[in-house]
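Commentary on secondary and tertiary structure
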Amino acid sequence: MRTRTFAAALTAAALLALAGCASTDNTSPSKPDASTQNTDDKPKQDTTTEPDTETPDSPTDADPETAALPDLVGQDLQAAQDEAQAAGFYVLDDQDASGQGRLQVLDRNWTVCSQDPDPGTHPTDTPVTLYAVKDDETC
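Model, not experiment: these values are computed from the prediction. (Residues numbered from 1 in each chain as written. Predicted model: local features only at pLDDT ≥ 70, side-chain atom pairs only at ≥ 80, totals over all residues. Heavy atoms only, no water.)

Residues Ala67, Leu69, Leu72, Leu77, Ala80, Ala84, Phe89, Trp110, Val112, Val128, Leu130 and Ala132 constitute the largest nonpolar core, which totals 12 residues. Only strand E1 (66-69), helix H2 (77-86), strand E3 (110-116) and strand E5 (128-134) provide two or more residues apiece to this core. Contact partners of Val112, with chain neighbours within four places excluded, come to Leu72, Val73, Gly74, Gln75, Asp76, Leu77, Ala80, Leu130, Tyr131 and Ala132. (Core = buried A, V, L, I, M, F, W, Y, C linked by side-chain atoms within 4.5 Å. Buried < 20%, exposed > 50% of the residue type's maximum accessible area, 1.4 Å probe, protein only. Helix = DSSP H or I, 4+ residues; strand = E, 2+ residues; numbered from the N terminus. Contact = heavy atoms within 4.5 Å.)

Attention now goes to the sheet that holds E5. An order of E2-E5-E3 is seen for the 3 strands of this open sheet, with the pairing classed as mixed. Each of the sheet's edge strands pairs with one partner strand only, and the pair in question is strand E2 (92-96) and E3. Taken pair by pair, the neighbouring strands of this sheet meet at an average axis angle of 35°, ignoring direction. Here E3 runs beside E5; their pairing, made up of 6 bridges, is antiparallel. (Pairing = 2+ DSSP bridges. Axes fitted to C-alpha atoms, helices over the stretch in contact; angles between N-to-C directions.)

Next up, the structure:
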């Protein structure tokens, strides 16, 4: 009897939740707004203006920020990631160097075998890929 009562209460709660999700107003974003529809055959003119984006001191015109990427080979994966971030590189990826496609769940249990790009000066938005194997494996 308790199971039936619980099932009935659960079904009623689900129906109430679904009924609450149903919208009766016509403000759905999938319906076009009548005020923006063009009712005549003339094309609608765009009245928006774009801001002037060309300024002489625009940061997009400047050279990208660069930093020295350290040699991370031989470190445990977590320490290598920490060091890369400390150097200013935040676009990091890690791959299984054994080719088995394993995920690095516990980064501290993996050792970096190689890195791409090589150590040196690079833009800080350069993607850095660290290839690693488990601590008890060889590169």
